[in-house]
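# Structural description and commentary
Given next are the chains, with one letter for each unit.
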Amino acid sequence: MCDIQHGLPPLEEDEYVLETPLVREFVGGVRAKIDEAGSPEQACELIAPLFRPLLTDPTWLPERYQEPAHASGMGGGIGQWLLFRAADRSLSLFSLVVPPDAMTPVHDHLAWGLVGLFKGNQDEEIYRPGRGRLELVRRRPLSPGDFYALVPPQNDVHRVRTTSAFTSVSIHLLANDTGCVLRHTYDAETGEARPFRSGYVNADCDRRTT
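Described below are features of the structure shown in this document. Just so it is clear, the model here is predicted, and its values are computed rather than measured. (Residues numbered from 1 in each chain as written. Predicted model: local features only at pLDDT ≥ 70, side-chain atom pairs only at ≥ 80, totals over all residues. Heavy atoms only, no water.)

### Structural notes on empty space enclosed by the protein
As enumerated under the stated definition, the model contains 1 cavity of 30 Å³ or more in all. Of the voids in this model, the largest cavity is the one considered here, and its volume is about 90 Å³. Every residue lining the largest cavity is counted, 15 residues in all, and those nearest its centre are Leu-96, His-107, His-109, His-158 and His-172. Residue assignment for the lining of the largest cavity shows that the elements contributing at least two residues are β3 (92-98), β9 (157-162) and β10 (168-174). Of the residues in the lining of the largest cavity, the class split is 6 nonpolar, 8 polar and 1 charged. (1 Å grid on protein atoms, 1.4 Å probe; cavity = no way out; pocket = protein on both sides within 12 Å on 5 of 7 lines; lining within 4 Å. Points joined across faces, edges and corners; volume = space filled by probe spheres on them. Helix = DSSP H or I, 4+ residues; strand = E, 2+ residues; numbered from the N terminus. Nonpolar A, V, L, I, M, F, W, Y, C, P; charged D, E, K, R; others polar.)

### Examining the nonpolar core
Membership of the largest hydrophobic core comes to 49 residues, with the highest contact counts inside it found for Ile-47, Phe-51, Trp-60, Leu-61, Leu-93 and Ile-171. Counting only elements with at least two residues in this core, the list comes to α1 (21-36), α2 (40-56), β2 (79-85), β3, β5 (113-119), β8 (147-150) and β10. Dropping the residues within four chain positions of it, Ile-47 is found in contact with Val-30, Lys-33, Ile-34, Trp-112, Leu-114 and Leu-173. In this structure, Met-74, Val-98, Ala-102 and Phe-196 belong to the second largest nonpolar core, which totals 6 residues. (Core = buried A, V, L, I, M, F, W, Y, C linked by side-chain atoms within 4.5 Å. Buried < 20%, exposed > 50% of the residue type's maximum accessible area, 1.4 Å probe, protein only. Contact = heavy atoms within 4.5 Å.)

### Notes on the sheet that holds β8
Pairing between the strands of a sheet comes from backbone hydrogen bonds, and it takes one of two forms, parallel or antiparallel. Strand order in the open sheet made by the 6 strands is β1-β2-β3-β10-β5-β8, with antiparallel pairing throughout. Bordering the open sheet on either side are β1 (15-16) and β8, each of which pairs with just one other strand. Direction of pairing for β1 relative to β2: antiparallel, over a ladder of 2 bridges. Within β2, the position partnered with Tyr-16 by the bridge is Phe-84. Seen against the sheet, α2 touches β3, β5, β8 and β10 and runs at an angle of roughly 15° to β5. (Pairing = 2+ DSSP bridges. Axes fitted to C-alpha atoms, helices over the stretch in contact; angles between N-to-C directions.)

### Re the state of the cysteines
Counted according to the given criterion, the structure contains 1 disulfide. At a sulfur-sulfur separation of 2.2 Å, the disulfide partner of Cys-180 is Cys-205. Between Cys-180 and Cys-205 the disulfide shows an S-S torsion of about -90°. By sign, it is left-handed. Taken together, the residues Cys-180 in the loop between β10 and β11 (183-186) and Cys-205 in the segment after β12 (193-196) connect sequence positions 25 residues apart. Given the relative accessible area of 14%, Cys-205 is considered buried. (Disulfide = S-S within 2.5 Å.)

### A few points about the side chain of Ser-168
You can see Ser-168 is positioned in strand β10. The exposure class of Ser-168 is buried, given its relative accessible area of 0%. At a separation of 3.0 Å, a polar atom in the side chain of Ser-168 contacts the side chain of Gln-122. A distance of 2.6 Å separates polar atoms of two side chains, one belonging to Ser-168 and the other to Thr-162. If we skip the residues at most four places from it in the chain, Ser-168 touches Leu-96, Val-97, Val-98, Leu-117, Lys-119, Gly-120, Asn-121, Gln-122 and Thr-162. (Polar contact = N/O pair within 3.5 Å; in protein donor to acceptor, adjacent residues only side chain to side chain.)

### Quick notes on the side chain of Thr-167
Turning to its location among the elements, Thr-167 is positioned in the loop between β9 and β10. Other than its neighbours up to four places away in sequence, Thr-167 contacts Gln-66, Pro-68, Val-97, Val-98, Pro-99, Pro-100, Lys-119 and Gly-120.

What follows is the structure, encoded as structure tokens:
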């Protein structure tokens with residue numbers, strides 16, 4: 001499978017911001033499953049057994065990647081911390097940190113992949129945009145260990161809110177360089193889409209950083 005990478009220039013090499021044997025082994029396993037898969041849906045199914053342990057092992061993610069970021073592109077102290085991205089921008093692994101009572105804007109991802117909760121509790125609302133409005137399709141609570149697949153366009157638009165008394169941390173594995181692609185936020189009342197680039201707290205979109 002190959003995806004259009006939204007015009008982003010390639011990096012010189014794969015970027016392992018979190019350089020550990022576990023992350024390297026995980027990425028290698030994910031790439032092997034992607035090569036086996038005939039569709040995004042099948043890729044998500046094959047990758048799920050590799051992804052699940054990241055949500056249940058509390059030791060692999062350093063505290064610095066679980067911290068809020070008050071100057072982030074998401075607002076509300078929400079921090080998007082890059083852990084890995086492919087040189088061709090076809091894959092990224094990152095943590096999303098949402099402080100208590102904070103909520104993301106309604107947004108899309110423009111990529112298939114898996115999202116799971118590592119710490120805290122969240123409520124997720126899934127929307128269907130169209131005809132100048134947003135339709136609320138589903139609302140669900142999320143607890144540590146819960147995860148779900150994103151396969152656009154059916155379930156790509158959502159927002160999440162932390163409901164625990166402490167910061168929530170989710171792990172994202174998506175088939176683009178999510179913090180750098182130009183995607184969209186949506187006005188919850190009118191459904192109007194606006195261009196949006198969330199960025200990363202710890203990485204630049206235009207060149208390789210460490």
